[in-house]
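The lines below spell out each chain.
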Amino acid sequence: MINSSLKQLGQQLARKQVSSVELTQAYLQRVTQLNPAINAFITLDEEKTLAQAKAADARIAAGDFGPLTGIPLAQKDIFCAKGWRTTCSSKMLEKFIAPYDAHVISQFDAAGAVNLGKTNMDEFAMGSSNETSYFGGVKNPWDFDRVPGGSSGGSAAAVAARLCAAATGTDTGGSIRQPASLCGFTGLKPTYGLVSRYGMIAFASSLDQAGPMAKSAEDCALMLNVMAGFDERDSTSVNREKEDYTRGLAAMTGEQPLKGLRIGLPKEYFAEGLSAEVARVIETAIAEYKKLGAVIVDISLPNNNLSIPVYYVLAPAEASSNLSRYDGVRYGHRAAEYNDLQEMYMKSRAEGFGAEVKRRILIGTYVLSAGYYDAYYLKAQQIRRLIAQDFVEAFKQCDVIMGPAAPSTAFKAGEKTSDPVAMYLEDLYTIAVNLAGLPGMSVPAGFTPSADGKPLPVGLQIIGNYFDEARMLDVGHAYQQVTDWHTQMPAALENI
């Protein structure tokens with residue numbers, strides 16, 4: 001049952017082969033067994049979760065249900081959920097109980113999905129390894145000595161270890177796609193504005209986007225059907241007609257379902273910085289796409305090498321502004337002892353934020369300060385426009401762009417924590433997509449052995465044009481019809 005797709009689980013629920021309560025209890029039992037070792041979940045509330053499952057069973061009995069009704073999903077702890085502790089994995093929000101639902105949460109509630117619990121993450125989504133969490137790092141289920149990626153590491157580990165049927169994540173610079181690659185599942189970052197950011201605790205408002213994390217492209221399509229849609233409470237939400245992202249999946253069968261599809265391969269994605277082992281896996285996946293009928297086009301994204309320095313000017317600048325609200329006055333951590341208001345501000349923020357968050361606030365405040373704004377922030381915005389234009393030109397030559405989702409497989413915990421630049425380079429192939437506001441996804445493409453012989457997953461990144469999620473999902477689904485990488489799970493967990 002834990003390896004069943006969302007579609008299969010929905011069919012089992014509809015046919016009364018299993019109840020939502022039974023399914024939810026099975027996942028809760030698995031979480032109880034494995035979470036102490038993996039640390040994927042921060043907050044569980046069995047009473048609330050089972051109440052939702054009972055309500056879902058009642059809906060199914062009444063014939064009022066959809067594809068996700070009764071299915072237990074994990075929610076990244078960046079989404080406010082009414083009555084649930086919502087921490088962003090920070091001491092600053094350790095005791096915060098959300099008084100309202102994020103748009104994403106309310107959409108899943110309306111669909112009848114069950115909230116299994118809130119998952120661990122890098123503090124305020126700042127990190128690429130899930131090691132900055134106040135609640136401790138998350139373990140990669142493929143190798144407990146390695147990181148799951150970040151910032152959506154808790155959701156990633158939960159999906160990979162089959163602690164949930166699927167999960168939500170957020171992607172500011174690669175935080176869905178990079179952990180999807182490192183943990184061996186499918187993760188999708190939608191076009192900026194497709195999914196409302198209302199109730200999603202902000203890191204960098206012009207970059208943050210919520211998306212699905214699941215076993216397969218088909219599962220992600222079912223989730224995106226629920227998540228996507230206009231929300232007037234979010235000024236960046238795009239008002240466009242709803243789509244059915246599963247509509248083309250059934251056609252992705254036969255000998256050459258992708259005949260004529262033009263796949264762009266950026267030369268910058270296969271240059272210095274890419275692991276040779278990862279490159280071999282990606283090249284094998286591209287060869288499979290040729291068999292499916294696709295045509296390969298060599299392209300260039302000449303400003304891709306500037307995406308990381310641009311990101312680490314813009315994202316900290318926005319974080320500095322967004323996190324200024326956490327001052328110990330209205331909500332969040334407040335220092336126990338202080339002499340005046342200014343000292344309360346200083347002590348509360350010093351105690352409430354971790355080292356990485358402080359680093360980014362300081363950088364952001366610096367680049368926004370008088371005398372440096374034009375030299376750093378304004379210049380970074382200009383280069384951001386050039387990066388976006390590179391993609392515009394590339395999509396004149398191809399339909400989708402492919403390459404690695406991450407430059408290497410999962411690295412060992414603690415290996416890069418003392419070198420922020422090395423950590424930032426983990427997002428070498430993902431950040432430009434966020435800067436341009438494009439959709440991107442990672443699909444499992446194979447494994448490479450670690451030094452001790454353990455198989456480590458590799459993800460293939462698929463980048464689409466604006467609002468072209470349906471095509472991306474079709475392309476990912478076609479590949480998953482002829483490969484089984486997305487069905488595999490960590491050997492040590494198979495019999496649990």
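Residues numbered from 1 in each chain as written. Predicted model: local features only at pLDDT ≥ 70, side-chain atom pairs only at ≥ 80, totals over all residues. Heavy atoms only, no water.

1. Comments concerning the sheet that holds strand β8 (residues 295-299)
- Pairing is mixed across the open sheet formed by eleven strands, whose spatial order is β1-β3-β2-β4-β6-β5-β10-β11-β9-β7-β8. Two strands close off the open sheet at either side, each with one partner strand: β1 (41-43) and β8. When the angles between neighbouring strand axes are averaged without regard to direction, this sheet yields 35°.
- Bridging between strand β10 (residues 440-449) and strand β11 (residues 455-463) involves nine bridges; their strand directions are antiparallel. Considered in β11, the bridge of F447 is made with P457.
- Docked against the sheet, helix α4 (residues 103-111) engages β2 (72-76), β4 (166-170) and β6 (210-214), running at close to 175° with respect to β2. (Pairing = 2+ DSSP bridges. Helix = DSSP H or I, 4+ residues; strand = E, 2+ residues; numbered from the N terminus. Axes fitted to C-alpha atoms, helices over the stretch in contact; angles between N-to-C directions. Contact = heavy atoms within 4.5 Å.)

2. Remarks on the packing of helix α9 (residues 307-322) against helix α12 (residues 373-394)
- For the pair α9 and α12, the least separation of the axes is 9 Å and the interaxial angle reads 125°. When the axes of α9 and α12 are compared, the pair comes out oblique. Crossing of α9 over α12 shows left-handed handedness. In this structure, α9 contributes S307, V310, V313, L314, A317 and E318 to the contact, and α12 contributes Y376, Y377, A380, Q381, I383, R384 and I387. (Parallel < 35°, antiparallel > 145°, perpendicular 65-115°, else oblique. Left-handed = near helix turned anticlockwise from the far one by under 90°.)

3. Observations concerning unusual backbone geometry
- Residues G150 and S151 are joined by a peptide bond in cis, for which omega reads 5°.
- With a phi close to 60°, N130 is a non-glycine residue in the positive phi region.
- When you line up the elements, N130 lands in the loop between β3 (114-119) and α5 (153-160).
- Look at F467: it is not a glycine, yet its phi comes out positive at around 60°.
- Inspection of the secondary structure assignment puts F467 in the loop between β11 and α15 (469-482).
- On the basis of relative accessibility, which here comes to 23%, the residue F467 falls in the partly exposed class. (Buried < 20%, exposed > 50% of the residue type's maximum accessible area, 1.4 Å probe, protein only.)

4. Focus: a nonpolar patch on the surface
- Among the surface-exposed residues, V329, L341, Y345 and M346 lie close enough to one another that they form a single nonpolar patch of about 360 Å² accessible area.
- For L341, the position within the fold is in helix α10 (residues 341-352). (Patch = residues over 30% accessible without salt bridge, like charges linked within 9 Å, V, L, I, M, F, W, Y side chains within 5 Å. Areas by Shrake-Rupley, 256 points an atom, 1.4 Å probe, with all protein chains shown as cover. Salt bridge = Lys/Arg side-chain N within 4 Å of Asp/Glu carboxyl O.)

5. As for the nonpolar core
- Among the nonpolar cores identified, the biggest contains 150 residues, and F124, Y289, F391, M402 and L473 are the most heavily contacted of them.
- Top contributing element to this core by residue count: α9, with nine residues.
- If sequence neighbours within four positions are ignored, F124 has contacts with C88, S90, M92, L93, I201, F203, L323, Y326, F353 and V357.
- One finds L182, A406, F411 and M423 within the second-largest nonpolar core, a separate group that totals six residues. (Core = buried A, V, L, I, M, F, W, Y, C linked by side-chain atoms within 4.5 Å.)

6. Focus on the packing of aromatic side chains
- All chains considered together, the criterion is met by 17 aromatic pairs.
- When the centroid spacing of 4.8 Å and the interplanar angle of 80° are considered together, the rings of Y311 and Y312 count as edge-to-face. Note on accessibility: Y311 and Y312 belong to one class, buried.
- Grouping aromatic residues by their ring pairs yields a cluster made of F96, F124, Y326, Y331 and F353. (Phe/Tyr/Trp six-rings, centres within 6.5 Å; stacked < 30°, edge-to-face > 60°.)

7. Some details on the environment of Q11
- Within the secondary structure, Q11 is located in helix α1 (residues 6-14).
- Among the residues examined, Q11 registers a relative accessible area of 32% and is labelled partly exposed.
- In the structure, Q11 is positioned 57 residues away from L68 in sequence and 9.8 Å away in space, judged by C-alpha atoms.

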